[in-house]
Amino acid sequence: MARLIRPEQAKQLHFLLAQPEEVLIEFCKLAIEYINSGINEKKCTVAAKKLSTTYETVRGALEALVALLIDSTKLALSEREFHTVVQAALETINEKQTEILWQFITSKRTLVDNVMRASCQDELYFRDLEWRIEGRIASRTIRSQATPVIKMKFHLDTECVSEYRDKLHPEPVDHAPEAEATKQPPTRREVLAETDPAMLQHMIQVLEQALLEARTRRVRNYVKPTPS
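Since the model is a prediction, treat every value here as computed from it, not as a measurement. (Residues numbered from 1 in each chain as written. Predicted model: local features only at pLDDT ≥ 70, side-chain atom pairs only at ≥ 80, totals over all residues. Heavy atoms only, no water.)

K.L.:
Help me understand the nonpolar core in this model?
P.N.:
Soluble, globular proteins show a tendency: their nonpolar side chains are buried together. Counting residues in each nonpolar core, the largest one holds 40 residues, and the members touching the most others are I5, L65 and L90. Counting residues per element, this core draws most heavily on helix α4 (residues 55-75), which supplies nine residues. Not counting the four nearest positions on each side in its chain, I5 is found in contact with A10, L13, L68, V86, A89 and L90. (Core = buried A, V, L, I, M, F, W, Y, C linked by side-chain atoms within 4.5 Å. Buried < 20%, exposed > 50% of the residue type's maximum accessible area, 1.4 Å probe, protein only. Helix = DSSP H or I, 4+ residues; strand = E, 2+ residues; numbered from the N terminus. Contact = heavy atoms within 4.5 Å.)

Structural data, given as structure tokens:
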């Protein structure tokens with residue numbers, strides 16, 4: 001829960017907290033427009049001129065506000081939890097600003113939840129992995145040690161199914177032309193990738209850290225209210 005607001009995000013939000021409350025409300029409106037139709041560069045440029053700052057600063061603050069809305073929706077935070085988190089991460093925030101942000105988040109939770117669900121409809125799920133190591137054993141033309149290459153083939157699927165389904169319920173094989181013509185488009189996809197041992201070790205560390213994060217209360221709070 002403590003990582004709901006990251007340090008860089010907090011720095012960008014502090015810019016908004018230093019402005020009048022009316023500015024914070026206008027940025028909340030821009031954040032909703034950002035989610036619905038993307039960044040409005042014209043409005044951000046106008047806001048930058050009014051606030052005597054740069055376009056990058058305004059866009060960064062807006063993106064930090066959008067991230068706060070999305071993360072709070074994912075975690076389904078209660079009002080008390082939200083107040084605790086933002087007051088711990090944003091030291092300069094006052095009670096009125098906290099109320100504005102909370103009203104902004106609760107009023108748009110349904111919208112954000114629908115957008116996230118729509119964006120995940122074609123999400124790919126891991127099914128299987130094939131891999132092999134390629135390297136040159138010896139060569140007189142190479143004076144230095146050759147770095148082996150790890151090649152991987154990821155088997156992905158848009159259907160989230162048990163990895164044992166194919167073994168328990170194999171699909172009947174039909175070689176008739178009619179069956180081929182009426183066959184549904186495959187949901188599976190294969191992705192080829194290759195890397196070196198150093199990058200592979202980094203990938204393993206990142207995945208292990210993700211597994212540890214999956215056991216935290218923050219992730220459990222997100223998974224629990226999400227219907228399967």
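On we go from here.
K.L.:
Is there a simple way to explain a nonpolar patch on the surface in this structure?
P.N.:
A contiguous nonpolar patch, built from F126, L129, W131 and I133 and spanning about 460 Å² of accessible area, is present on the exposed surface. With respect to the element layout, I133 can be found in strand β1 (residues 125-134). Given a relative accessible area of 55%, I133 falls into the exposed group. (Patch = residues over 30% accessible without salt bridge, like charges linked within 9 Å, V, L, I, M, F, W, Y side chains within 5 Å. Areas by Shrake-Rupley, 256 points an atom, 1.4 Å probe, with all protein chains shown as cover. Salt bridge = Lys/Arg side-chain N within 4 Å of Asp/Glu carboxyl O.)

K.L.:
Whenever I open this one, unusual backbone geometry confuses me. Can you help?
P.N.:
Phi is mostly negative for residues that are not glycine, and the peptide bonds are mostly trans. With a phi close to 55 degrees, S52 is a non-glycine residue in the positive phi region. Looking at the secondary structure, you find S52 in the loop between α3 (41-50) and α4. Exposure remark for S52: the relative accessible area of 68% places this residue in the exposed category.

K.L.:
Quick question: what am I supposed to make of the environment of G135 here?
P.N.:
One can find G135 in the loop between β1 and β2 (149-157). Taking the relative accessible area as the measure of exposure, G135 reaches 60% and is therefore exposed. For the pair formed by G135 and V149, sequence separation is 14 residues and the distance between their alpha carbons is 6.2 Å.

K.L.:
I keep staring at the packing of aromatic side chains and nothing clicks. Help me out?
P.N.:
Remark: the centre distance and the inter-plane angle together describe each pair of aromatic rings, the angle taken between the planes. A complete count under the given rule lists one aromatic pair for this structure. With a centroid separation of 5.4 Å and 40 degrees between ring planes, the pair formed by F82 and W102 is classed as tilted. Here F82 is found in helix α5 (residues 79-89), whereas its partner W102 is found in helix α6 (residues 95-107), with 20 residues between them in sequence. A relative accessible area of 12% means that W102 is categorised as buried. (Phe/Tyr/Trp six-rings, centres within 6.5 Å; stacked < 30°, edge-to-face > 60°.)

K.L.:
Teacher, can you tell me more about the side chain of H155 here?
P.N.:
Note on placement: H155 falls in strand β2. Its relative accessible area of 17% is what places H155 among the buried residues. Apart from the residues lying within four places of it in its own chain, the contact partners of H155 are Y125, F126, R127, D128, L129, E130, R189 and E190.

K.L.:
Could you clarify how one ought to interpret the sheet that holds β1 in this entry?
P.N.:
Within the open sheet, the three strands sit side by side as β1-β2-β3. Their pairing is antiparallel. Whereas interior strands pair on both sides, the edge strands pair on one side only; in this sheet they are β1 and β3 (188-195). The average angle at which neighbouring strand axes cross in this sheet is 15 degrees, direction not considered. Here β1 pairs with β2 via nine bridges, running antiparallel. By the bridge assignment, E130 is partnered in β2 with K153. (Pairing = 2+ DSSP bridges. Axes fitted to C-alpha atoms, helices over the stretch in contact; angles between N-to-C directions.)

These figures come from the coordinates and say nothing about function on their own.
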